[in-house]
Amino acid sequence: MSAEASTRSHSIQSHVLFDGLKLLGISVAAIIVHGYHPMVEDAAIYVPGIKRMQSPDLYPRYAEFFASHAGLTLFPRIIADSVRLTALPLEWVLLGWHVVTIMALLCFALGVGRVCFPARQFPHAAWGGVLVLASLLTLPVAGTALYIVDEYLNPRSLSTAAVLLAVLLLLRKRWLLAALVLLLTATVHPLMTVFGFAFAACWWLAGRNLRSGTTLAAFAPLAMFPPVTGAYREALQAHAYFFLSRWEWYEWLGLIAPVFLFWWFGTMARRRDLPLLARLCRACVCYGSLFAVVSLFTIPAIFERFLLLQPMRSLHLLYVLLLVVSGGLLGQFVMQGKVWRWAILLLPMCGSMYYAQRQLFSATPHLELPGAAPGNAWVEAFLWARDHTPKDAVFALDPEHMARPGEDQHGFRAIAERSMLADGVKDEGAITMFPRMAEDWHEQVAAQKGWRKFQFEDFQRLKTNYGVDWVVLEVIPSAIGQPSAGLACEYRNQVVTVCRIP
């Protein structure tokens, strides 16, 4: 190798290493801003699947409420194998993967920015997209109940980065490789992969200057979707984000505005001779319009069984690309590499995101790092249950406990590693995806109706009918009418108590 070639190779390696360190630093800073909560919300479904894969004797009862989700994805296997190969505790592996997925997402965002904005003409654009995306990771996606990236690791963390990689490959004309990436992504998150393939079709149409993508709206036969039973309808109705007719006006704005913004960005790209950016914007207009039309078809009650498709969640990919493109345009034409300008923009954005997360998890430390003290009374009780009750214990909690003040959406199964009777919050979400379990879910939740007024006889009924032998109860300040009367309460803090049903 000549000296010149060797110098060039060394320069490229140094540049790649420097970019990698910057991406790592931005990823860590993003986690500090947006918080880290590994056992909340959807983690209540996926973490038990991982733990059961590690220890099959866990969750001997009522595991179907999380196992159905876990059975559709390789995510639990990937994480469980990572624990086995690294010999690290699960908590550290979850944190490591969380950092890696955010870093990968930002890396592919940087790649998209560099393809759309040639570096010689637009030196500040690509990193502008990265900074804006990192600053708004927990931005809500219209009315879909999704963030760009959650505060914890889940299958969508992997699929978001993978689908953006597929978009980058499309921009580079690597069609087969993009298809392979999407097929592999389907093993982790099938629904988000469908949106990835739909975007690929819109990208192909955009290259032919076709203005409409509505011909792509092909659905599986009606027979593929289960009939809507009373119990299933009850679970659906509890989730307003499934129904466009129940969205607020600002959520409708979040559905429509991205299409118009991409149309505007496309006109700017054509004026500035950026053909790939212009095509990307056309594809986004096509993609957003397509799924907006499809979503409208789910409004009539006759089509409510199609809600299983959740077409509004197509907005997730659209929002990711919107932040990358708008950040690139801001970085090049407004910020222009001026640190003080970026500070004026990013500090309020990051401050708002931080404030919103502190309000959402107000009774929990902002960073729930491995080995740190829980700092949440509910989590402390769940950990006690993990360490002091038999593995085959069956628990019951207030079916709305994840929505109780101070609980902060922590998953009992994920933390306590014990079986639990169905709840009315997270298990209800699982039912919307797996209607066949709706009747069992409805029966168990109905058996816990009026939980806060339960007395000893009610707990005995749960023990007789469902094998429940432990309960977690909120502490009532007054000693009169304590629901724990007659129970053997072996743990208590200022908020909750853990009791055995004799």
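Residues numbered from 1 in each chain as written. Predicted model: local features only at pLDDT ≥ 70, side-chain atom pairs only at ≥ 80, totals over all residues. Heavy atoms only, no water.

## Looking at the overall build of the protein chain
Consideration 1: Assigned secondary structure in the protein chain consists of 19 helices and 5 strands.
Consideration 2: Among the 502 residues that make up the protein chain, the fraction classed as buried is 55%.
Consideration 3: Within the protein chain, contacts between residues separated by at least 24 positions form 73% of all contacts whose residues are at least 6 apart in sequence. (Helix = DSSP H or I, 4+ residues; strand = E, 2+ residues; numbered from the N terminus. Buried < 20%, exposed > 50% of the residue type's maximum accessible area, 1.4 Å probe, protein only. Contact = heavy atoms within 4.5 Å.)

## Section: unusual backbone geometry
Consideration 1: One non-glycine residue, A145, lies in positive phi territory at about 65°.
Consideration 2: Here A145 is to be found in the loop between α6 (125-135) and α7 (155-171).
Consideration 3: Despite not being glycine, D273 shows a phi value in the positive range, around 55°.
Consideration 4: Looking at the secondary structure, you find D273 in the loop between α11 (249-271) and α12 (275-296).

## Re the pattern of salt bridges
Consideration 1: Evaluated as defined, the whole model comprises 13 salt bridges.
Consideration 2: Across the salt bridge formed by D458 and R461, the nearest N and O atoms sit 3.7 Å from each other. Residue D458 and its partner R461 are both found in helix α19 (residues 456-466); the two are separated by 3 residues, about one turn of the helix.
Consideration 3: Connected through shared salt-bridge partners, D19, K22 and R114 make up one network. (Salt bridge = Lys/Arg side-chain N within 4 Å of Asp/Glu carboxyl O.)

## As for the packing of helix α2 (residues 43-54) against helix α4 (residues 75-86)
Consideration 1: Running from amino to carboxyl end, α2 crosses α4 at an angle of 55°, the nearest separation of the two axes being 9 Å. If you check the angle between α2 and α4, you find them oblique. Crossing geometry of α2 relative to α4 is assigned as right-handed. For the pair α2 and α4, the contacting residues are Y46, G49, I50, M53 and Q54 in the first and F75, P76, R77, I79, A80 and V83 in the second.
Consideration 2: When the residues that make up the contact of α2 with α4 are grouped by side-chain class, the tally is 8 nonpolar, 2 polar and 1 charged. (Axes fitted to C-alpha atoms, helices over the stretch in contact; angles between N-to-C directions. Parallel < 35°, antiparallel > 145°, perpendicular 65-115°, else oblique. Left-handed = near helix turned anticlockwise from the far one by under 90°. Nonpolar A, V, L, I, M, F, W, Y, C, P; charged D, E, K, R; others polar.)

## With respect to the state of the cysteines
Consideration 1: A full pass over the atoms with the stated rule returns 1 disulfide.
Consideration 2: A sulfur-sulfur distance of 2.0 Å marks the disulfide that ties C489 to C499. Disulfide C489 to C499: torsion about the S-S bond roughly 90°, handedness right-handed. Linking C489 in strand β4 (residues 488-492) with C499 in strand β5 (residues 496-500), this pair joins segments that are 10 residues apart in sequence. (Disulfide = S-S within 2.5 Å.)

## A closer look at the confidence of the model for the protein chain
Consideration 1: Averaged over the protein chain, the pLDDT score is 86; the fraction of residues at 70 or greater is 85%.
Consideration 2: The spread of mean pLDDT over the elements of the protein chain runs between helix α10 (residues 230-237), the lowest at 54, and helix α5 (residues 90-116), the highest at 97.
Consideration 3: For residues 211-226, every residue scores under 50 in pLDDT, and the model assigns this stretch 28 contacts once sequence neighbours within four places are set aside. (pLDDT = per-residue confidence, 0-100.)

## Quick word on a negative patch on the surface
Consideration 1: Together, E64, E439, D440 and E443 give the surface a local cluster of negative charge.
Consideration 2: In terms of residue count, helix α18 (residues 438-447) provides more of the negative patch than any other element does, 3 residues in total.
Consideration 3: When you line up the elements, D440 lands in helix α18. (Patch = residues over 30% accessible without salt bridge, like charges linked within 9 Å, V, L, I, M, F, W, Y side chains within 5 Å. Areas by Shrake-Rupley, 256 points an atom, 1.4 Å probe, with all protein chains shown as cover. Lys, Arg positive; Asp, Glu negative; His and termini not counted. Charge placed at Lys NZ, Arg CZ, Asp CG, Glu CD.)

## Section: α11
Consideration 1: With 23 residues, α11 extends 33 Å between its outermost C-alpha atoms, agreeing within 8% with the 33 Å of an ideal straight helix rising 1.5 Å per residue.
Consideration 2: Of all the bends in α11, the largest measures some 30° and sits at I256, one to four residues before the proline P258.
Consideration 3: Among the residues making up α11, those that are buried are E251, G254, L255, P258, V259, F262, F265, G266, T267, M268 and A269.
Consideration 4: Buried positions along α11 lie against α12 and α13 (315-335).
Consideration 5: Where α11 terminates, the next one or two residues include D273, which has phi positive at roughly 55°. (Expected span 1.5 Å × (residues − 1). Bend = angle between axes of the 7 residues up to and from the residue.)

## Points about the side chain of H401
Consideration 1: Turning to its location among the elements, H401 is positioned in the loop between β1 (394-397) and α16 (412-416).
Consideration 2: Residue H401 is classed as buried on the basis of its relative accessible area of 1%.
Consideration 3: Ignoring anything within four residues of it in the chain, the contact list for H401 reads W378, F382, E407, H410, F412, M420 and D423.

## Structural notes on the packing of aromatic side chains
Consideration 1: Under the defined criterion, the tally for this structure stands at 18 aromatic pairs.
Consideration 2: Between F117 and F122, the aromatic rings sit 6.1 Å apart at their centres with planes inclined by 70°, giving edge-to-face as the arrangement.
Consideration 3: By relative accessible area, F117 is classed as buried at 2%.
Consideration 4: By way of ring pairs, the aromatic residues W378, F382, W384, F395, F412, W470 and Y491 are connected into one cluster. (Phe/Tyr/Trp six-rings, centres within 6.5 Å; stacked < 30°, edge-to-face > 60°.)

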